[in-house]
Structure formats: C-alpha cells, structure tokens
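In case you want the letters, here they are:
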Amino acid sequence: MKQLLVCIDGSQYATSCCRYAGWLAKRLDCRIELVYVTDLRQFEAPFVADLSGSLGIQPFQAVMGQLQALEEKKAELVLSQGEDLLRESGYGGEVLKTHKTGFLVDCLNELEQSSDFIVIGKRGENANFATEHLGSTMERVARAAVKPCFVASRSFDGVKKIAFAYQSVSSCHSALNFLKSHPLADGLELHVITVAPSEEEATALDILKEAEIALGDSNIDARYQMLHGIPSQAISCYVKDNAIDMLVMGAYGHSRIRRLVIGSFTTEMLRDCRKPILMFR
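Here the structure is a predicted model, which is why all the values come from computation and not from measurement.

(A) Seen up close, the packing of aromatic side chains. By the definition in use, this model includes 5 aromatic pairs. Plain terms: the ring middles of tyrosine 20 and phenylalanine 156 are 4.6 Å apart, the flat faces sit at 75° to each other, and that makes the pair edge-to-face. Note that tyrosine 20 is positioned in helix H1 (residues 12–28) and phenylalanine 156 in the loop between strand E5 (149–152) and strand E6 (161–165), a separation of 136 residues in sequence. Classification of tyrosine 20 as buried rests on a relative accessible area of 1%. Ring centres of phenylalanine 117 and phenylalanine 178 lie 5.7 Å apart, and the angle between their planes is 35°; on these two criteria the pair is classed as tilted. In this pair, phenylalanine 117 is assigned in strand E4 (residues 117–121) and phenylalanine 178 in helix H6 (residues 170–181), connecting sequence segments 61 residues apart. Feature note: the residues Tyr20, Phe150 and Phe156 constitute an aromatic cluster, connected by ring pairs.

So, in structure tokens, the structure goes:
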C-alpha cells in the first residue's frame, strides 16, 4: 500500500472518513491524499439562472465570481480541517491536498491512478435529508471505482472485529488475498461468514473451508460461520448481533445475486449496514 485517496466534503461523514483514513493509513503504512471536488451543479442552480435574467450579464458575472471565491475558501477550509482530523487520529505521515472542480465520479479515473484505496462517506452534505437513501455520489463512485473502496459510516467507533462476507468468486478472492498480504486484520478478530439456503449447506461449508485453508498460513485470528436467509438481512443482523465494527465484501454483481438485478446485494448492504464497508471488485 502506498496511498489512500480520501474524498471529503463539508458533511459529518467527512469527519468519519478522516478518522477511518487515519486508522487505515497507520495499519497499512501509506500516505494520504485528501480530495475535495467542487460540484458544478451548484453554479447551475435555478436561482443563479434567475439572477442572470433579472440582473443582467455583468452583475451576474460578478455574483458568479463571488460564489466561486467562496467555494475556493470552503475547499481550503475543508481540506485543512481534514488534515487536522488525520493528525488528531495519530497519523503522522504525508498528507496531499487536492481541490478539483467538476464531478467526483468524472475525476475518479485520474485520481485513483495514483492511489491504491478509496475512502468515501456513505452520504454527503445532504445527509440530514432523505435519511434512508444512499448518497448518489458515493454510489456512483463505488460502482465506477477500480480500486478497493472503503465506505465510511456516520461516526468513527474504532475497529476490533471485522466480518468478511465470503463467496468463492473473484471479488472475494481479491479481498482474501488483500487480508493475507496486508496487516489490516492483524491482531483483530475476523469473522468469515457465508449465506446459504438450507439445501445448499454442503456447498456453503465447502466455501468456508476454502477460506479457512487460504487463511491457514496467516496470523489472522479467524472464526467461520454459515448463515441462512436473505443475504443482505442475514449479514446485517450478524454484524449487529456480534458487535462487528467493519464489513469486508465483494462488490456489485457477484455470486448467485447475479441472477437478480446486478448490484442489488451491494446496494442493500450499503443501505442497511450501519458499519463501514470495505468493498473489492
């Protein structure tokens, strides 16, 4: 691991992002790039268009200039506060600060080329509205990202227990290899879980055995559990009932969920799970 790309804004989730990023960076021994992207849509809002019609073009340009200047100051403040939060978390490494204008998902291809890991909040600055819905920017980034994506929950609670929702598919194999080759789970309690209908218990047991063999030569303290029921509900309940602090899983269109709407399982987990989720493609 060399660099975490941490996407922040002015929301409460940005605070959580920075605290989790500090924790991740210390465990993975990497530097951090904080990025704030000015959303172009705020300069295309209806009230701005109305100002253009009522004030005339020259006053309108002056207003736009003031809005952009304020946005520059906001970006500087958000990035500075983000660095302060990282330092408060005990992170002492290098912090890069980047401000871009546009849409985060459009900048992602360029930004993630120099990073190994993406950290983003589950929701953004409108988190207090439509609270049962996912942040649209987060979901688009999670779908578009090539690198592993860590989706931070509303608050940082520390990490002592990790659950790994495992299936014998390529995205989960990527997660498994990461856990074996990086010290993310070292010294923590890892729960490897899989969900199976009752008629497929033998297959589920084989899947758990596969994971156990793969992790056998590591220093990870792992325990293995087969669950039943609807996957998203069963995993969410397990996370809650066992005081799990973080969930690791494959993302978008893996395992037998592919027979349904592709990506539905990932979206349900992001919506229902109240803990941070680390997703692998």
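(B) Molecular detail of the environment of alanine 144. Within the secondary structure layout, alanine 144 lies in helix H5 (residues 136–144). Along the primary structure alanine 144 and aspartate 106 are separated by 38 residues, whereas in three dimensions their C-alpha atoms are 9.4 Å apart. For alanine 144, the contacting residues outside a window of four places in its chain are Val105, Leu108, Glu112 and Arg281.

Conventions adopted
Residues numbered from 1 in each chain as written. Predicted model: local features only at pLDDT ≥ 70, side-chain atom pairs only at ≥ 80, totals over all residues. Heavy atoms only, no water. Phe/Tyr/Trp six-rings, centres within 6.5 Å; stacked < 30°, edge-to-face > 60°. Helix = DSSP H or I, 4+ residues; strand = E, 2+ residues; numbered from the N terminus. Buried < 20%, exposed > 50% of the residue type's maximum accessible area, 1.4 Å probe, protein only. Contact = heavy atoms within 4.5 Å.

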